[in-house]
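Observations on chain architecture
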Amino acid sequence: MSSSSTPGLSRFNTADDSAALAALHEVCASGTWGSKILAQRPYATIDDLFAASDAAMAELTAGDLAEAMAGHPPIGRPKPGDPTSSREQSGMAGASDELKAEMLELNLAYQEKFGHVFLICASGRTGEQMRDAVRNRIDNTPEQEREIVRVELGKINRIRLTRIAEGTEGEAA
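Conventions we followed
Residues numbered from 1 in each chain as written. Predicted model: local features only at pLDDT ≥ 70, side-chain atom pairs only at ≥ 80, totals over all residues. Heavy atoms only, no water. Helix = DSSP H or I, 4+ residues; strand = E, 2+ residues; numbered from the N terminus. Buried < 20%, exposed > 50% of the residue type's maximum accessible area, 1.4 Å probe, protein only. Contact = heavy atoms within 4.5 Å. Salt bridge = Lys/Arg side-chain N within 4 Å of Asp/Glu carboxyl O. Phe/Tyr/Trp six-rings, centres within 6.5 Å; stacked < 30°, edge-to-face > 60°. Axes fitted to C-alpha atoms, helices over the stretch in contact; angles between N-to-C directions. Parallel < 35°, antiparallel > 145°, perpendicular 65-115°, else oblique. Left-handed = near helix turned anticlockwise from the far one by under 90°. Nonpolar A, V, L, I, M, F, W, Y, C, P; charged D, E, K, R; others polar.

**Considerations on the overall build of the chain**
Regarding its fold elements, the chain presents 9 helices and 0 strands. Walking the chain from its N terminus toward its C terminus, one meets helices and strands in the order α-α-α-α-α-α-α-α-α. Burial status across the chain gives 46% buried among its 173 residues. Contacts spanning at least 24 positions in sequence make up 71% of the contacts within the chain whose residues lie at least 6 apart.

Listed below in structure tokens is the structure:
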């Protein structure tokens, strides 16, 4: 799939700007990131789309990253009615009540220290792995954490862009 165009990528390339921007906003809540991706359409391959996403992510300011993070619910509390956050956080679905309570506590401590939700590419991770990650990262400096968040957002964006390119996410994409 990565070396050629797909029907989903073709739909994304030809969607009107407002529909494409709405689809991009579902991938990443940063308006700057979405505008940069939109401006470079059409994409010949998903790899071209990934490269544009990675480049745009690398250029985001602290404010842009904050805007992107604001679109993500805390781990263990996916947005009600949002199949994307529920799917991505499925590792917490079967977690014990104790683990869920511990994640809530850790999320709150993290948010108090850094001023934003704990962000991790949760796809494929267990609740225990996410708990261990927040435990390890809570002692980081804000600067270290901002760069880790940038990397994690990039991973999340790639997963979500793949769904657009495969045509499995929304009608506009």
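**Some points on the pattern of salt bridges**
Counted under the stated rule, the structure contains 10 salt bridges. A salt bridge links Arg41 to Asp17; the nearest nitrogen and oxygen atoms lie 2.6 Å apart. Taken as a pair, Arg41 in the loop between helix H3 (31-39) and helix H4 (46-59) and Asp17 in helix H2 (residues 17-27) lie far apart in primary sequence, 24 residues in all. Overall, Arg41 belongs to the buried group, its relative accessible area being 15%. Salt-bridge contacts for Asp132 lead to Arg135; the nearest nitrogen and oxygen are separated by 3.7 Å. Pair noted here: Asp132 and Arg135 are both in helix H8 (residues 127-137), with a separation of 3 residues, about one helical turn. A relative accessible area of 39% places Arg135 in the partly exposed class.

**Here's the deal with the packing of aromatic side chains**
By the definition in use, this model includes 3 aromatic pairs. Between the aromatic rings of Phe12 and Tyr43, the centroid separation amounts to 6.4 Å while the plane-to-plane angle is 25°, which identifies the pairing as stacked. Linking Phe12 in helix H1 (residues 7-14) with Tyr43 in the loop between H3 and H4, this pair joins segments that are 31 residues apart in sequence. No difference in accessibility class separates Phe12 from Tyr43, as the two residues are buried. Look at Tyr110 and Phe118: their rings are 5.2 Å apart centre to centre, the planes differ by 80°, and that puts the pair in the edge-to-face class.

**Some thoughts on the packing of helix H7 (residues 97-114) against H8**
Where H7 meets H8, the axes come as close as 10 Å, and the angle between the chain directions of the two elements is 30°. In this view, H7 runs roughly parallel relative to H8, as classed from their interaxial angle. Our pair here, H7 against H8, has a crossing hand that is left-handed. For the pair H7 and H8, contact is made by Leu99, Glu102, Met103, Leu106, Tyr110 and Phe114 and by Gly127, Glu128, Met130, Arg131, Val134, Arg135 and Arg137, respectively.

**Some thoughts on the environment of Leu108**
Of note, Leu108 is situated in helix H7. Residues Leu108 and Pro74 lie 34 residues apart in sequence; the distance between their C-alpha atoms is 9.1 Å.

**A few points about unusual backbone geometry**
Working note: non-glycine residues mostly have negative phi, and peptide bonds are mostly trans. Between Arg41 and Pro42 the backbone carries a cis peptide bond, its omega angle lying at 0°. As for its position among the elements, Pro42 is in the loop between H3 and H4.

**Remarks on the packing of H2 against H3**
Relative orientation and spacing of two packed helices are given, respectively, by the angle between their axes and the distance between those axes. At their nearest, the axes of H2 and H3 sit 9 Å apart, and the two run at 135° to each other. With respect to H3, the element H2 is oriented oblique. Crossing angle aside, the handedness with which H2 passes H3 is right-handed. Of the residues in H3, those touching H2 at Asp17, Ala20, Leu21, Leu24 and Val27 are Trp33, Gly34, Ser35, Ile37 and Leu38. Considering only residue class, the contact of H2 with H3 consists of 7 nonpolar, 2 polar and 1 charged.

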